[in-house]
Amino acid sequence: MPLRAQILLPLPLPEAFDYAVPEGWAPLSPGDQVVAPLGPRQIRGVVLQVQDATGYNRPLKPLVEALDAPPLPPGSLAFIQWASRYACQPPGEALAMALRGLRHPRPKPIRCVVASGQPPERMTPARRLVLDAAAAPLPAAELARRAGVSSGVVKGLVDDGALIVAEQPAPLPFGVPDPSANPAHVLNPSQSAAADVLKSFVGQGFQAALLDGVTGSGKTEVYLEAAAAALARDPDAQVLILLPEIALTQAVLKRVEARFRAPPGEWHSGVAGPARRQLWEAVAAGDCRIVVGARSALFLPYRKLALIVVDEEHDGSYKQEDGFIYQARDMAVARAKLEGALVVLASATPSLESLWNAESGRYRWLRLAQRHGVATLPDITLIDLRVDTPDSGKWLSRPLVTAMAETYQRGEQTLLFLNRRGYAPLVLCRACGEKLTAPDTDSWLVEHRYSNRLVCHLTGFSMPRPDRCPHCNAKDSLVPVGPGVERLEEEAKSLFPEARIAVFSSDTTPDPDQARAMVNRMAAGEIDIMVATQAAAKGHNFPNLTLVGVVDADLGLRGGDLRAAERTFQLLAQAAGRAGRADRPGRALVQTYAPEHAVMQALRDQDRDAFTAAELDQRRLSGLPPFGRLAALIASGEDAGALETFVRALAAAAPNADGVEVYGPADAPQALIRGRRRKRFLVRADRNIDLQGYLSAWRARVKVPGALRLTLDVDPYSFL
Ligand code: ADP
């Protein structure tokens, strides 16, 4: 019987393609990896389904090869298709993410030596030591070290034939977890209650829980109990722990390793390619049972996913903004549903969406009320900058400086929080008033003093700091405006010349090793004052940190997007929550020009529920998420005229539907990036509307000219 196979290719194509299965092939199943022809190219793809092609009268190209590679498990395949439908993105883009681990080579085998069984021609005491140690294959240098001899002795034995060279596969970077190992701590009653609920959910099909507790209340401790239960219940079960940032993974990796006496698999951009390939294959084979990773770990080929934890679930970096645009927290819930698994969303400051789901009973709401071991949360005081105004060119108010001095004298640590990289967010020419921007882009250049460059944070453009204004050519006329962390460091240094001061931002810690080193130095008390962007606002545990100064609490409120207040509250609450752990009480001083703003009041009173209620009311009134749904369409291109014509046609093609409003087209706030002009539409729909269906219908009515690009963003988080 002739067969045709539907093959999904990892390319941004609208759909899967049909191919003929050559006669005599072993049967193909969904998930199998094959090579298919596409034009002149041959591409790795995945079988979606195989059908009888009898009577099918379109000519089909035959598949080229069935690959001897692990198939994508059914759960992965279903997830890829669901995710692309939900996000209105080409399914091949989701597949490309799922196959990314296979792009890398496998780790090289390791050259080892092992005793051949043949005695050497001449035996010496040193040679005896080596042969005694060489029963199992070891790298030559390691063998010499263990035997306590020089490497020449080992080499001599190889030349003699008493040792032979044997290649060993590279060791796996993860181990087999032992779920019966004991937890690190006896859980307190509120932790036990939460852990018991989660344990009772394990193996019961799809369940979702919101683990809601202030920083340090033991959320990690609790979700590791759920992981233990999942691993113990089923010897094939796999667990995924998602984290928003690489800097956080190290601490969690260590705790998982301590809890289960084996390192878990690690998946993020900082992991070397060959190790990713190894992990991909081990996950597909079911050999790797715990993965700790960044959002893309959700697309790994799990065979039997029993539990997904989304730690710091409110974090905006779960939204991927380019390539395949998706929100990993929401996708984690969807994947758990498809797999019949438990999903645990953990946060000290949950997203409004998750709080709403918890309030309305869709997620089980587990609240950890207290911080473990510490009776009180830090005292939060608002500093009204209209009253305590810092001197011109300074950013620290007198009450904050006084508190820093007291903290320093006690030998305790201060964290100054300012979510702004570099020295100054803007460079202005005093002579002509020009604000320097990146070429062909509507974005200010940020001054970086460490590197003495002006940098565009949007496009990555950078240039050496000029000594003349590029516009009017005036000499020495450029002045920095406003503070970044580098400038704050300068101010702290001038106030506390003896103190050990460090800046923690993505510029000072560009890779995970450096971030880890920075966190370790702070934890070990080697830093007195840390000046940090959001890199340090979450997750880390600094026992001697007792003062947090929030330098510009109003920063996030100026953005004017849907989640501005929510994000500001989360960030400030997380930053303030850094102060005081273990046995030392902490305090947080929050500098603001708007102490009467609802966000600041709720923060001072540590009244998250009041903030949530007020914010949810606002959203309900305006039909915004979680009470309505949003999508953005962004059209861009270099030719302003062509773009204008296209967006007009797009606007005219918008389907009419009850419960859907379309706003736009309007210039995007970032209206020009790298020479491309950008226009946006915003779609708001009632909850019961099939938003994806609406968007697909709309897109199908227009043809996007080749020089333009149209991007769909379902549930947008960025409104730029
Ligand atoms: P969260 O994830 O909510 O921030 P963690 O699980 O990291 O909290 O716990 C914070 C700190 O308190 C950690 O150092 C943890 O080891 C400790 N801890 C948590 N629960 C207990 C407990 N029941 N007994 C002793 N120490 C605990």
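If you're wondering where the values come from, they're calculated on a predicted model, not measured in any experiment.

This part is about the overall build of the chain. If you tally the helices and strands in the chain, you get 19 helices and 31 strands. For the chain, the C-alpha atoms occupy an extent of roughly 85 × 80 × 60 Å along the three principal directions. Counting only residues that meet the buried cut, the chain has 52% of its 720 residues in that class. Relative to all contacts within the chain whose residues are 6 or more apart in sequence, the contacts with residues 24 or more apart total 75%. Counting only carbon and sulfur atoms, one obtains 51% of the accessible surface of the chain, whose full area is about 31,700 Å². Of the side-chain charges in the chain, 82 are positive and 79 negative, and the distance between the mean point of each set is 2 Å.

As a further point, take the sheet that holds strand β30 (residues 676-686). The antiparallel open sheet is built from four strands, whose spatial order is β29-β30-β28-β31. Strand pairing shows two members of the sheet lacking a second neighbour, β29 (660-673) and β31 (709-714), which therefore form its edges. In this sheet, adjacent strand axes meet at a mean angle of 20° when their direction is disregarded. The sheet contacts of helix α19 (residues 691-700) involve β28 (628-637), β29, β30 and β31, and relative to β28 the element is tilted by about 25°.

So, on to the pairing of strand β26 (residues 545-550). Taken residue by residue, a regular strand's side chains alternate between the two faces of the sheet. For β26, the buried fraction is high: six of the six residues fall into the buried class. By the bridge criterion, five bridges tie strand β18 (residues 413-417) to β26 in an arrangement that is parallel. For leucine 415, the partnering residue across the bridge sits in β26 and is valine 548. Sheet topology note: the β26/strand β27 (residues 587-592) ladder contains four bridges and is parallel. Bridge assignment links leucine 547 to a residue of β27, and that residue is arginine 587.

What follows covers the environment of leucine 28. Relative to the elements of secondary structure, leucine 28 occurs in the loop between β2 (17-21) and β3 (33-38). With relative accessibility at 14%, the residue leucine 28 sits in the buried group. Distance from leucine 28 to valine 50, taken between C-alpha atoms, is 7.1 Å for residues 22 residues apart in sequence. The contacts of leucine 28, once residues within four sequence positions are left out, are Val21, Val34, Val47, Val50, Leu63 and Ala66.

According to the domain assignment, the chain contains domain 1 (3-103), domain 2 (110-168), domain 3 (189-368), domain 4 (374-420 + 484-622), domain 5 (422-482) and domain 6 (628-714). Between domain 1 and domain 2, the C-alpha centre-to-centre distance is 49 Å.

Should their charged atoms come close, side chains of opposite charge can pair. Tallying each qualifying case throughout the model produces 41 salt bridges. Here aspartate 159 makes a salt bridge to lysine 155, at a shortest N to O gap of 3.4 Å. Separated by four residues within a single helix, aspartate 159 and lysine 155 lie in helix α5 (residues 151-160), roughly one turn from each other. You can call aspartate 159 exposed: its relative accessible area is 58%. Residue lysine 155 is classed as exposed on the basis of its relative accessible area of 53%. Note that lysine 304 is salt-bridged to aspartate 234, the shortest N-O span being 2.9 Å. Taken together, the positions of lysine 304 in the loop between β11 (290-293) and β12 (305-311) and aspartate 234 in the loop between α7 (219-233) and β9 (238-242) put the pair 70 residues apart, joining distant regions of the chain. Judged by relative accessible area, aspartate 234 falls into the buried class, the value being 16%. Where salt bridges share partners, they join Asp212, Arg367, Arg608 and Asp609 into one cluster.

It is worth spelling out the environment of alanine 697 at this point. Secondary-structure assignment places alanine 697 in helix α19. Looking at alanine 697, the relative accessible area reads 35%, which means it is partly exposed. The spatial distance from the C-alpha of alanine 697 to the C-alpha of leucine 11 is 22 Å, given a sequence separation of 686 residues.

What counts and what doesn't
- Residues numbered from 1 in each chain as written.
- Predicted model: local features only at pLDDT ≥ 70, side-chain atom pairs only at ≥ 80, totals over all residues.
- Heavy atoms only, no water.
- Helix = DSSP H or I, 4+ residues; strand = E, 2+ residues; numbered from the N terminus.
- Buried < 20%, exposed > 50% of the residue type's maximum accessible area, 1.4 Å probe, protein only.
- Contact = heavy atoms within 4.5 Å.
- Areas by Shrake-Rupley, 256 points an atom, 1.4 Å probe, with all protein chains shown as cover.
- Lys, Arg positive; Asp, Glu negative; His and termini not counted.
- Charge placed at Lys NZ, Arg CZ, Asp CG, Glu CD.
- Pairing = 2+ DSSP bridges.
- Axes fitted to C-alpha atoms, helices over the stretch in contact; angles between N-to-C directions.
- Domains from an automatic or database assignment.
- Salt bridge = Lys/Arg side-chain N within 4 Å of Asp/Glu carboxyl O.

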